[in-house]
Every structure is written in C-alpha cells, then in structure tokens.
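Here's the letter readout for the chains.
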Amino acid sequence: MTMRRVAASLVPAWLEPLLTTPFFSICSSHADAARNERNMFCLDCGGAGSGAFCLYCRSERHAGHRVIQIRRSSYHDVVRVAEIQKVLDIGGVQTYVINSARVLFLNERPQPRASSKGASPHTCEICARSLLDPFRFCSLGCKLVGIKRNGDATFVPRADDDDNMPAASSAGAGGHQWEELPEEEENKTGRSRERSRDFSPATLPNSRRRKGVPRRAPFSS
C-alpha cells in the first residue's frame, strides 16, 4: 500500500476542506442579519457546495448534520477540543486554554520572534514552532503533514471511542463571545488557569482562625 493510500485511510475526507476553507467573511445570503459571520463547517457535507456558512444557513440547510463552529484567537482559526475530539483523534497536537475553553489551532501560524530567554525545549515536528508542552504538532494542519510524510499517526478515532461519542454540534453558537487575545496572553492565561485548579479553598492553609470568646478573671471583691 502506498503512502498516499495509508494517509487517506488515516484522515477523514472532510479534514483537508476544513483546513483550507476561509472563515469569518459576511454571509451574502444573510447580509442584513446580526451575527452573520461564516464561521461554521458541516462535516457531513465535507465543504462540498457550502464551505463555511453562518448560523442562519445552518438551520436552513444543515439541520441534523454534524456541524462544528470555528473561533478566532489572535486572528487565527481555532476549534474547541470538546467539539473536535468527538470526531477526530487529536493526539499529539498542542492545546491551549483561552477564555476558560481548551482549543487547538487549525493551521500552522507564523513563527514568533526568536528569543533565547525562556526558550521551550519542545517544538513542532513539521514547522519547528515552539510548544508549551511535549506535543508533536502545533496544529491540525501540521499533524496532517506528519501523517502524509510518516504515516505514524492517525486522525481516525478508534471504533470503541466512536460508540461512546455523541455527534458533533455547533456548541456555543448561541452567542458566547470569543475574545481575541495576543499569543503571549494565551499562554499566560492557559498557565494561570491550570495553576488555579490546583489551589481550591479546601487546600489553602487556614491562616485566619477565628479566635474564641475571651475569658476574663472575675472581679475581686
């Protein structure tokens, strides 16, 4: 079996259209409506004939389909881990915590300015981008390149995982505001939120104990 056939068996047919689809333009069919950005993608249609579409197109043309919502961070497209992991094996891809949600990037991003101070020992196998943790890839796009090159990873979830996974939906489409953060802030936010989980009120030292009622000696007669 050739490497191309191996890659095809490890990658869903809709993934490459997802990674090459431009998002966040205004939907021409609903130009006068509020929240008309084309930030959704149908996995069942695979981008054929529709590509990106808006919230209103979803209800009109993709009812009952598996739809995921794309979001933006630092002007780059991301998707929530909670949505994409239902339909895709994302093992080996670096994730980030932004606005209390864990996300990953769809495609490779420009490299930040090189700095020897605090340089990470972890890098993406494909684009050599610095990573926060010991992952293999910085994005779904880089993992796709890795699969085509080496065939030692997969995007196809295991069969036993599929049986227990609900269909993907456009979770969060009801108006959750997704803020754009600079990349440095993304990393800081992710680390601070991870640390905050380790310190619940129950584990903090009881530094302020309530004093008992003072007892005074009786007055002498």
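For the protein chain, an unreviewed UniProt entry supplies the name PLATZ transcription factor family protein and the organism Platanthera guangdongensis.

Quick look at the nonpolar core now. If you look at the biggest cluster of nonpolar residues, it comprises 33 residues, and the most contacted ones within it are Trp 14, Leu 15, Ile 84, Leu 88 and Leu 140. Considering every element that reaches this core, the biggest residue donor is helix H5 (residues 140-150), with 4 residues. Every residue in contact with Leu 15, bar those within four places of it in the chain, is listed here: Leu 88, Leu 144 and Phe 155. Judged by nonpolar contacts, the second largest core, of 7 residues, contains Cys 27, Cys 42, Cys 54 and Cys 57.

The strand order S2-S1-S3 describes an open sheet built from 3 strands, whose pairing is antiparallel. Single-partner strands in this sheet number two, and they are strand S2 (52-53) and strand S3 (67-69). Taken together, the 2 bridges between strand S1 (residues 40-42) and S2 define a ladder with antiparallel strand orientation. If you follow Phe 41 over to S2, its bridge partner there is Ala 52.

For the structure on display, the rule yields 2 aromatic pairs. Above the face of the Phe 105 ring, Arg 109 is positioned so that its terminal group lies 3.6 Å from the ring centre. Lying over the aromatic face of Phe 155, Lys 143 brings its terminal NZ or CZ to 4.8 Å of the ring centre.

Here we take up the environment of Ala 31. When you line up the elements, Ala 31 lands in the loop between helix H2 (15-20) and S1. Look at Ala 31 and you get partly exposed, because its relative accessible area is 46%. Residues in contact with Ala 31, not counting those within four places in the same chain, are Ile 26 and Asn 36.

As a further point, take the pairing of strand S7 (residues 101-105). Where burial is concerned, most of S7 is hidden: 4 out of the 5 residues are buried. Bridging between strand S5 (residues 76-80) and S7 involves 3 bridges; their strand directions are antiparallel. When the sheet's bridge partners are listed, Val 78 is paired in S7 with Phe 105. Two elements, strand S6 (residues 96-98) and S7, share 3 bridges in a ladder whose sense is antiparallel. Within S7, the residue paired with Ile 98 across the bridge is Ala 101. Where S6 folds back on S7, the antiparallel hairpin that results is connected by 2 residues, among which Asn 99 adopts a positive phi of roughly 55°.

A few words on the pairing of S5. Among the 5 residues in S5, 4 count as buried, and that is most of the element. Two elements, strand S4 (residues 71-73) and S5, share 3 bridges in a ladder whose sense is antiparallel. Considered in S5, the bridge of Arg 71 is made with Val 78.

This part takes up the side chain of Asp 77. Relative to the assigned elements, Asp 77 resides in strand S5. On the basis of relative accessibility, which here comes to 17%, the residue Asp 77 falls in the buried class. Here the side chain of Asp 77 touches Arg 72 through a polar contact of 2.8 Å, side chain to side chain. In contact with Asp 77, other than residues within four places in its own chain, are Phe 23, Phe 24, Ile 70, Arg 71, Arg 72, Leu 104, Phe 105 and Leu 106.

Within the chain, Tyr 75 stands out as a residue other than glycine whose phi angle is a positive 65°. Inspection of the secondary structure puts Tyr 75 in the loop between S4 and S5. A positive phi is found at Ala 128, a non-glycine position, where the angle reads about 65°. If you trace the backbone, Ala 128 turns up in the loop between strand S8 (122-123) and strand S9 (130-131).

Criteria and thresholds
- Residues numbered from 1 in each chain as written.
- Predicted model: local features only at pLDDT ≥ 70, side-chain atom pairs only at ≥ 80, totals over all residues.
- Heavy atoms only, no water.
- Core = buried A, V, L, I, M, F, W, Y, C linked by side-chain atoms within 4.5 Å.
- Buried < 20%, exposed > 50% of the residue type's maximum accessible area, 1.4 Å probe, protein only.
- Helix = DSSP H or I, 4+ residues; strand = E, 2+ residues; numbered from the N terminus.
- Contact = heavy atoms within 4.5 Å.
- Pairing = 2+ DSSP bridges.
- Phe/Tyr/Trp six-rings, centres within 6.5 Å; stacked < 30°, edge-to-face > 60°.
- Lys NZ or Arg CZ within 6 Å of the ring centre and 35° of its normal.
- Polar contact = N/O pair within 3.5 Å; in protein donor to acceptor, adjacent residues only side chain to side chain.

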